[in-house]
Amino acid sequence: MTEIHREEGESKGRYWHEIDSHVAELTYTRVGKTQIIIDHTAVPDALRGRGAGAKLVERAVNDARAEGLKVIPLCPFAKAQISRHTEWQDVL
């Protein structure tokens, strides 16, 4: 798996990584100083089934945990991934 990058502005951010010239990304919005909303995950068809989206959610969860943030997963994909991984649910 390739390196996952993070870009962050004042209120919005994204995680992304490129695999075989295809880019998968997860976007989020900051809610105050203590929460983020994961609002969208996009994985090109060429990357489906390769864990690209799950790795993005995992990175967002790990960063939120490290930064003391709570996650509101409005994105259906992120919500499903967090539901499947009980070890990630402490950030909800």
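The notes below deal with the structure included here.

This brings us to the overall build of the chain. Along the chain, the regular secondary structure elements total two helices and five strands. In the chain, the succession of helices and strands from N to C terminus is β-β-β-β-α-β-α. Over its C-alpha atoms the chain spans a radius of gyration of 12 Å, differing by no more than 12% from the 12 Å that the globule rule assigns to 92 residues. Reported as C-alpha extents along the three principal axes, the dimensions of the chain are approximately 35 × 30 × 20 Å. A burial count over the chain gives 37% of its 92 residues as buried.

So, about helix 2 (residues 76-84). Every buried residue of helix 2 is accounted for by Ala78, Gln81 and Ile82. Buried residues of helix 2, seen end-on, are gathered within an arc of 95° and therefore sit on one face of the element. Seen from the open side of helix 2, the exposed residues pointing more than 90 degrees away from its buried face are Pro76 and Arg84. Those residues of helix 2 hidden inside the fold are in contact with strand 4 (35-42), helix 1 (52-67) and strand 5 (70-73).

Following the criterion strictly, the structure yields one aromatic pair and no others. When the ring of Tyr15 is compared with that of Tyr28, the centres are 5.6 Å apart and the planes differ by 35°; the resulting orientation is tilted. Residue Tyr15 is found in strand 2 (residues 12-19), and its partner Tyr28 is found in strand 3 (residues 22-31); the two are separated by 13 residues along the sequence. As far as burial versus exposure is concerned, Tyr15 and Tyr28 are alike and both buried.

The nonpolar side chains of soluble globular proteins are, as a tendency, buried together. Grouped together as the largest cluster of nonpolar side chains are 23 residues, with contacts concentrated most on Tyr15, Leu26, Ile38, Val57 and Val71. Contributions of two or more residues to this core are made by strand 2, strand 3, strand 4, helix 1 and helix 2. Here this core takes six residues from helix 1, the largest share from any one element. Contacts of Val71, omitting those with residues within four sequence positions, involve Ile36, Ile38, Ala64, Ile82, Val91 and Leu92.

So, about helix 1. Taking 1.5 Å per residue, 16 residues should reach 22 Å; helix 1 reaches 23 Å between its end C-alpha atoms and fits that length. Along helix 1, the positions that sit buried rather than exposed are Ala52, Gly53, Leu56, Val57, Ala60, Val61, Asp63 and Ala64. Phi turns positive one or two residues past the end of helix 1, at Gly68, with a value near 70°.

Rules and cut-offs
- Residues numbered from 1 in each chain as written.
- Predicted model: local features only at pLDDT ≥ 70, side-chain atom pairs only at ≥ 80, totals over all residues.
- Heavy atoms only, no water.
- Helix = DSSP H or I, 4+ residues; strand = E, 2+ residues; numbered from the N terminus.
- Rg over C-alpha atoms; globule rule 2.2 N^0.38 Å.
- Buried < 20%, exposed > 50% of the residue type's maximum accessible area, 1.4 Å probe, protein only.
- Arc of directions from axis to C-beta.
- Contact = heavy atoms within 4.5 Å.
- Phe/Tyr/Trp six-rings, centres within 6.5 Å; stacked < 30°, edge-to-face > 60°.
- Core = buried A, V, L, I, M, F, W, Y, C linked by side-chain atoms within 4.5 Å.
- Expected span 1.5 Å × (residues − 1).

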